[in-house]
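The lines below spell out each chain.
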Amino acid sequence: MKLLTSILKLGLKLFLLGAFIGCLALAAAYYYYAPKLPDVETLRDVQLQTPLRIYSEDNKLISEFGEKRRSPISFDQIPQNYVNALLAAEDRNFFNHIGIDIKGLFRAVFQLASTGRIQSGGSTITMQVAKNYFLTRERSFVRKFNEILLSLQIEQELSKEEIFELYINKIYLGHRSYGIQAAANIYYGKNIDELSLAQVAMIAGLPKAPSAYNPITNPSRATERRNWILKRMHSLSFINDEEYNTAKNEPVTAEYHGTQIELYAPFVAEMVRNELYQYFDESLYTNGFRVYTTLNSKMQAAANLAVENGLLAYTERHGYFGAEKAAAVKQLTEANIIATLNKQRTFGSLQPAIVISTDEQQAEVFVKDHGPATLTWDGMQWAREYKGPNRLGRKPKLASDILAPGDLIRVRADGESDWRLTQVPRVEGAFTALSPKDGALRALVGGFNFNHNKFNRAIQAKRQPGSNLKPFIYASALEQGYTPATLINDAPVVFHDSNLESNWRPQNYSKKFYGPTRLREALYKSRNLVSIRILRSIGIDTATEFLTRFGFDKDRLPNNLSLSLGSADVTPLELVTGYAGLANQGFKITPYFIDRIEDTEGNVLYQAQPTTVCVDCTYVANDSSIPSDFRMISKQTLTNSTLPSTQEEISAKETYTEEQNLTELAPVTPLTGQQITNLPVANRIMKPQTAYMIYNIMQDVITRGTGRRARVLERSDLAGKTGTTNDQKDAWFSGFNKEVVASAWVGFDQPTTLGRSEFGGTAALPIWIDFMETALEDIPDLPIPQPDGLVSIRIDPKTSLLAYPGQENAIFEIFPAASVPTETARNPLMPNTSGTTRTEDIF
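Everything quoted here is computed from the prediction, not taken from an experiment.

*Asks:* Explain the overall build of the chain to me, please; I cannot follow it from the model alone.
*Replies:* Each helix and strand counted, the chain has 22 helices and 25 strands in total. Relative to its full complement of 843 residues, the chain shows a buried share of 52%. A separation threshold of at least 6 residues defines the contact pool for the chain, and within that pool the share at least 24 residues apart is 69%. When the accessible surface of the chain is totalled, it reaches about 39600 Å², and 50% of it is carbon and sulfur.

Written out as structure tokens, the structure reads:
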């Protein structure tokens, strides 16, 4: 008995000594390692690696850039079912413990002592937060000890909800998804709060082993893990019997969902990425910026469809190139067909397909991501053989004249159930649309398909605009005193210009000459010889200076008379920017496409301050006393108010009128009264009278000129101009009303003819029409107001003189008040009438 007592006393002493030594060791370890631990307070401001996301103005996702897919959410956004599922799977006592699980730790110590390694760490959610944010994945005592210390500190500094939120936003859950919101998006195409009980249990099972329990790549093991979690939830009374039985019997519905792009605008997305990369470098892809562009989703979608349809219509007019790959599949088994199609990319609506068989005037095909389909004769009879831009082969009579079994072809849906044979166009196009009021980019398409060719023709392709440049030459002439009724002689001319390689004998497209022609008629009928005579009359330097006001690069404007026919080099975006100055009554705007940038918390990091048109603003001379953040006010405000004391030196005599040097004007600072906008004011670059006259003339391009097809839109507020370059290498149409200005271009990347029958009005105008039909749906058809100083009078259309009384073919024309004709045309029925054509008006 004494021996037993002695042994017990010795054991107790040894235990106490061991405990004492252990406490000393722990204390020593604490004082050694604690100072080296990171500050857990930094978790409050942690920056999770979140991809760059780009949106339209109306919050439609355009693109996402970044290796990690993550969408951080707050604790309040986490559904309770997921909270319970994760507790059941990972840490049932999370809301009660101090950050560590004592039983789990003793189990880890026992494993380390018995096997030399830790097999299961008994980590709590808090400990995993410590490990994920601060530590490595090394399995060692030191790392585990630091994890414990950090966990205790984290529990002291943060609430349970904050810790839980940090955990669920950080964890990797497979397929590049980090955090439960990204996982829900990828596996189910939904947000976490939209998932069923079985689905949240599946997500909750992923942290332990994202690959082994992946519901896409390993559905059977994933189901076992899910059902185990559901059983745990049931045993912990998180769910009842009915919920448990329903959830465990729910089939696995997970499948891969890529980034849910809501608006297809890859050319603009790349413009945004390229612009911001200059400032943020690689951090652009991890800082979680949300960039809101100026794109209007309705207009962008319309532009996408219009360009695709327009280029496909062109390619059908010029014939079929043949199969994309003849005999692509030798043995027509379903497995072989699917394997071949899976290697092919889809371009827009153009789906790859394999021809199975042909029979008289139809063909059976197998379409990627669809399956078997029938091509009827209506969907393929267009496919005459392509023999060049101006030649077609004979009309096919049978499907076998076009297709052969095993061919790889392209088809697109034609209605709800029909299919149409098509092909990837060799021709390209570009489309741009702006708001004339401030230059906001509303839609941009840089080519037929971004995946097919990433070259952005809207901003990178410098092409000749042809007659699309003529409105600026004519507007310059109007600024110099011409009127819409000024007569210019449309007659043959030969130029000996030292800036040209040889004598130049320009012609109209029709190769005809029409004699004295009114300026208005010359523009809407696109008369080349008249344009040349106008430019020669006003001077190349005058026209060049005028063009640069609209943003055109002087270095790319030819210093010879070919400028009148559009031989400059411009990009589609530059051209539509120039047209914006015609659409907004003569103001210079600058295009922009980034409206604002927000961080992950929604804080605005950047907000665009675009130069904005203000027709009713008044202008004062630049002065150093005027603050840099200029404001615009109305004329009425100026007349009803007094200038602030900071501008007392600016007298009423210094207020500028429209006729003065407009490039030296600046908006005044805010006055008491009605303030129109806080945005910078756009400079006026053209007299309002000139702006109105050229707008009015360009309306005739649509009502009676080369743009007559646009009458299908049945609007009276549209104006525009076609453009076709030599040998039909470029086809343009640019047009506008006061709310939208848009330009369409069609051509080959390596300039070559589009074909004898292709012009701006046939190749580009249909694209513009299709876009405008949608873009203007909710925009009222309203005329622009006529400025003071203009009058409309009846004139003789042949002489531009005042119409004689009772003249039946007289027309109304607009004149500056100081330029109204004073003579009356001769009445052919009254020989004694003295009026004659003014020969000084004929150039």
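*Asks:* Where do I start with empty space enclosed by the protein in this structure?
*Replies:* Where empty space is left becomes clear once a probe the size of a water molecule has been rolled over the atoms. Applying the stated rule across the entire model yields one cavity of 30 Å³ or more. Empty space within the largest cavity amounts to approximately 40 Å³. Y188, A198, Q199, M202, R226, E250, P251, V252 and T253 together form the lining of the largest cavity. A breakdown of the residues in the lining of the largest cavity according to their chemical character gives five nonpolar, two polar and two charged.

*Asks:* Teacher, can you tell me more about the pattern of salt bridges here?
*Replies:* Working definition: two side chains of opposite charge can pair if their charged atoms are close together. All chains considered together, the criterion is met by 31 salt bridges. Of the charged contacts, one joins R463 and D730 as a salt bridge, the two residues approaching to 2.8 Å between their closest N and O atoms. With R463 in the loop between helix 14 (457-460) and helix 15 (470-479) and D730 in strand 22 (residues 730-736), this pair connects stretches of sequence that are 267 residues apart. Relative accessible area serves as the criterion here: at 8%, R463 is assigned to the buried category. Judged by its relative accessible area of 5%, D730 is buried.

*Asks:* Explain the nonpolar core to me, please; I cannot follow it from the model alone.
*Replies:* If you look at soluble globular proteins, the nonpolar side chains tend to sit buried side by side. By size, the foremost hydrophobic cluster in this structure holds 86 residues, and its most contacted members are L441, F472, Y474, I534, F552, L582 and F736. Apart from residues no more than four positions distant in its own chain, Y474 is found in contact with L519, A522, L523, R527, V530, S531, I534 and I694. Counting 50 residues, the second largest nonpolar core, distinct from the first, contains Y82, L158, I171 and A204.

*Asks:* Help me out: how do you make sense of the side chain of K470 in this one?
*Replies:* When you line up the elements, K470 lands in helix 15. Despite being buried, K470 has no salt bridge partner; D490 is the closest side chain of opposite charge, sitting 9.4 Å away. Polar side-chain contacts of K470 include one of 3.1 Å to the side chain of S526. Excluding anything up to four places from it in sequence, K470 contacts L523, S526, R527, N528, S531, S564 and L565.

*Asks:* What is the right way to look at the side chain of S526 in this model?
*Replies:* Structurally, S526 is set in the loop between helix 16 (519-524) and helix 17 (528-538). Look at S526 and you get buried, because its relative accessible area is 15%. At 3.0 Å, the side chain of S526 forms a polar contact with the side chain of K721. Not counting residues up to four positions away in its chain, the partners in contact with S526 are S467, K470, T706 and K721.

*Asks:* Got a minute to help me understand the sheet that holds strand 11 (residues 428-434) in this structure?
*Replies:* Paired through their backbone hydrogen bonds, the strands of a sheet run either parallel or antiparallel. Spatially, five strands are ordered 12-11-23-22-21 in an open sheet, and the strand pairing comes out antiparallel. With partners counted over all chains shown, the strands left at the sheet margins are strand 12 (441-445) and strand 21 (719-724), one partner each. Ignoring strand direction, the axes of neighbouring strands in this sheet form an average angle of 5°. Of the pairings in the sheet, the one linking strand 22 to strand 23 (residues 741-747) comprises seven bridges and is antiparallel in character. Paired with F736 across the bridge in strand 23 is V741. The sheet strands contacting helix 19 (residues 572-583) are strand 11, strand 12, strand 21, strand 22 and strand 23, and the helix crosses strand 23 at an angle near 145°.

*Asks:* Is there a simple way to think about the packing of aromatic side chains in this case?
*Replies:* By convention here, two paired aromatic rings are described through the distance between centres and the angle between planes. Within the structure shown, the criterion is met by 22 aromatic pairs. Where F75 meets F164, the ring centres are 5.7 Å apart and the plane angle is 90°; that geometry is what we call edge-to-face. Remark: F164 occurs in helix 6 (residues 160-170) and F75 occurs in the loop between strand 3 (69-70) and helix 2 (80-90); sequence separation between them is 89 residues. For the pair F733 and W768, a centre-to-centre distance of 4.8 Å together with 65° between the ring planes defines the contact as edge-to-face. Here W768 lies in helix 22 (residues 760-775) and F733 lies in strand 22, a separation of 35 residues in the sequence. For the pair formed by F733 and W768, the shared burial category is buried.

*Asks:* What am I meant to see in the pairing of strand 22 here?
*Replies:* The side chains of a regular strand alternate, first on one face of the sheet and then on the other. Strand 22 sits mainly inside the fold: seven of its seven residues count as buried. Burial along strand 22 is two-sided: the residues D730, W732, S734 and F736 and A731, F733 and G735 are all buried. Where strand 21 and strand 22 come together, six bridges link them in antiparallel fashion. The residue bridging G723 from the neighbouring strand is W732, located in strand 22. Counted along the chain from strand 21 to the antiparallel partner strand 22, the turn is five residues long, and its residue D727 has a positive phi close to 60°. Connecting strand 22 to the next strand, strand 23, in antiparallel fashion are four residues.

What counts, and at which threshold
- Residues numbered from 1 in each chain as written.
- Predicted model: local features only at pLDDT ≥ 70, side-chain atom pairs only at ≥ 80, totals over all residues.
- Heavy atoms only, no water.
- Helix = DSSP H or I, 4+ residues; strand = E, 2+ residues; numbered from the N terminus.
- Buried < 20%, exposed > 50% of the residue type's maximum accessible area, 1.4 Å probe, protein only.
- Contact = heavy atoms within 4.5 Å.
- Areas by Shrake-Rupley, 256 points an atom, 1.4 Å probe, with all protein chains shown as cover.
- 1 Å grid on protein atoms, 1.4 Å probe; cavity = no way out; pocket = protein on both sides within 12 Å on 5 of 7 lines; lining within 4 Å.
- Points joined across faces, edges and corners; volume = space filled by probe spheres on them.
- Nonpolar A, V, L, I, M, F, W, Y, C, P; charged D, E, K, R; others polar.
- Salt bridge = Lys/Arg side-chain N within 4 Å of Asp/Glu carboxyl O.
- Core = buried A, V, L, I, M, F, W, Y, C linked by side-chain atoms within 4.5 Å.
- Lys, Arg positive; Asp, Glu negative; His and termini not counted.
- Polar contact = N/O pair within 3.5 Å; in protein donor to acceptor, adjacent residues only side chain to side chain.
- Pairing = 2+ DSSP bridges.
- Axes fitted to C-alpha atoms, helices over the stretch in contact; angles between N-to-C directions.
- Phe/Tyr/Trp six-rings, centres within 6.5 Å; stacked < 30°, edge-to-face > 60°.

Keep in mind that these numbers describe shape and distance, not what the molecule does.
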